[in-house]
Amino acid sequence: MFRYTLRQVLHFVAIADHGSIRAAAEATHVSQAGMSLALTELEKALGVQLAVRQKSKGITLTSAGRRFLSDARMLLRQADELQDTTVEAPGTLAGSLDIGCYSTLAAFWVPPITAGFAAAHPHITLAITEGPPRRLQQDMLEGRLDAVLTHTRHIVEGAEFQAVRAGRPYVLVGPGHRLAGRKGVRLAELADDDMVLLDIPTVRDNQLPNLRASGLDPKIAWRSTSFEAVRGMVARGLGYTVLVQRPPHDISYEGLPVVVLPIEGPIGHSDICFAYPSRQKPSRKLQALIDYCAAYSPPAGP
């Protein structure tokens, strides 16, 4: 027999999320006394102190409380999945699905997911949070998200993944670049050229080491945190760049053309994937989303 209830676990997570018993009680429409009692009974059942109560300062989780919190979130998600599976009609998916999306992938994947997958499954309440991949995966491992759409190079310890799209880097140049008429380019040929860098942590931490390991030490002349600003500077002839995501049209926001050059020779891949906790099998809802994205074909470019 279990010595605690799901309601006690639910109240504990609410207290942890809101930082105090009072705030959790107000948010969940439960009395403070009831919320406090649930925490006390849960601690008694587990035999550990989960939180330190501080007058006027809310609560502070103990080390045991922090460890239990991620397991509690996972338990509640599994309970929600079990309930949805029991009550949903055959062939119907229902319930909540909270997904993180690496911000540079959002423009390419959020529209088809929301207009395609969500529309095909109206009984799923889909929420998408954008941000950096490590922070999103940390939220996932703590039970706040079901999965994160990111690159395979960004996978953190404690996560597994399923790839949905190949992610081979390519070189982007302006139409006036000396290599623009080529069908491909070796990275060594760009050694003396200026580079326009997409200056975000994941590119600095993953793509630059990948380029150096592949024989190119980039000469960075310009930087921008904006994907489209980088493409625009390349279109203006300020240098080349190396990207993974490719819009369907090889034109900058200003309407200027850019030229895509496949990289000849070995280059590390960074496939697009869904990361999820390694100790948790993907739910039916999540697996349906992964399968949808793996089968999705973006609009063809010119």
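Preceding this paragraph is the structure being described.
For clarity, every value in this text was computed on a predicted model and none was experimentally measured.

For this particular structure, what's the right way to read the overall build of the chain?
On a plain count of helices and strands, the chain comes out with nine helices and 13 strands. Seen through its principal axes, the chain has C-alpha atoms that stretch 75 × 45 × 35 Å. Counting over 302 residues, the chain shows a buried share of 47%. For the chain, the exposed surface amounts to about 15400 Å²; the carbon and sulfur share of it is 55%. Charge-centre separation for the chain: the mean point of 32 positive side chains lies 4 Å from the mean point of 29 negative side chains.

What's the story with the pattern of salt bridges in this structure? I'm lost.
Any two side chains of opposite charge can pair, given that their charged atoms come close. Enumeration according to the criterion identifies 15 salt bridges in this entry. Where Arg 73 meets Asp 17, a salt bridge forms, and the shortest distance between an N and an O atom there is 2.7 Å. One end of the pair, Arg 73, is in helix H4 (residues 63-87); the other, Asp 17, is in helix H1 (residues 6-18), with 56 residues separating them in the sequence. Among the residues examined, Arg 73 registers a relative accessible area of 7% and is labelled buried. With a relative accessible area of 43%, Asp 17 lands in the partly exposed category.

Is there a simple way to think about the state of the cysteines in this case?
Disulfides are covalent bonds that connect the sulfur atoms of two cysteines. On inspection of all chains with the given rule, the structure shows zero disulfides. Distance from the sulfur of Cys 293, which forms no disulfide, to the nearest cysteine sulfur (Cys 101) is 9.1 Å. Its relative accessible area of 1% is what places Cys 293 among the buried residues.

Please clarify how the sheet that holds strand S5 (residues 147-151) should be interpreted in this entry.
Within a beta sheet, neighbouring strands are joined by backbone hydrogen bonds and run either parallel or antiparallel to one another. Pairing in this open sheet of five strands is mixed, and the strands run S4-S3-S5-S13-S6 from one edge to the other. Only two strands of the sheet have a single partner each, and these edge strands are strand S4 (124-131) and strand S6 (159-165). Ignoring which end each strand starts from, the neighbouring axes of this sheet average 25° apart. The sheet contact formed by strand S3 (residues 95-102) and S4 spans eight bridges and is parallel. Bridging across to S4, Cys 101 finds its partner in Glu 130.

Can you help me understand the packing of H1 against helix H2 (residues 21-28) in this one?
Think of two packed helices as two axes; the pair is described by the angle between the axes and how far apart they sit. Interhelical geometry of H1 versus H2 gives an angle of 115° and a closest axis separation of 8 Å. Along this stretch, H1 crosses H2, giving a crossing that reads as right-handed. Residue-level inspection shows Ala 14, Ile 15 and His 18 of H1 in contact with H2, the latter providing Ile 21, Ala 23, Ala 24, Ala 27 and Thr 28. Here the residues of the contact of H1 with H2 sort into six nonpolar, two polar and no charged.

Any chance you could explain the packing of H1 against helix H3 (residues 32-46) here in plain terms?
Taken N-terminus to C-terminus, the directions of H1 and H3 make an angle of 110°; their axes are 9 Å apart at the nearest point. Compared by their axis directions, H1 and H3 come out roughly perpendicular. Handedness of the crossing formed by H1 with H3: left-handed. Contacts between H1 and H3 involve Gln 8, Val 9, His 11, Phe 12 and Ile 15 from the former and Met 35, Ala 38, Leu 39, Glu 41 and Leu 42 from the latter. The residue makeup of the contact of H1 with H3, split by class, is seven nonpolar, two polar and one charged.

Analysis parameters
- Residues numbered from 1 in each chain as written.
- Predicted model: local features only at pLDDT ≥ 70, side-chain atom pairs only at ≥ 80, totals over all residues.
- Heavy atoms only, no water.
- Helix = DSSP H or I, 4+ residues; strand = E, 2+ residues; numbered from the N terminus.
- Buried < 20%, exposed > 50% of the residue type's maximum accessible area, 1.4 Å probe, protein only.
- Areas by Shrake-Rupley, 256 points an atom, 1.4 Å probe, with all protein chains shown as cover.
- Lys, Arg positive; Asp, Glu negative; His and termini not counted.
- Charge placed at Lys NZ, Arg CZ, Asp CG, Glu CD.
- Salt bridge = Lys/Arg side-chain N within 4 Å of Asp/Glu carboxyl O.
- Disulfide = S-S within 2.5 Å.
- Pairing = 2+ DSSP bridges.
- Axes fitted to C-alpha atoms, helices over the stretch in contact; angles between N-to-C directions.
- Left-handed = near helix turned anticlockwise from the far one by under 90°.
- Contact = heavy atoms within 4.5 Å.
- Nonpolar A, V, L, I, M, F, W, Y, C, P; charged D, E, K, R; others polar.
- Parallel < 35°, antiparallel > 145°, perpendicular 65-115°, else oblique.

The values reported here are purely geometric and, on their own, carry no functional implication.
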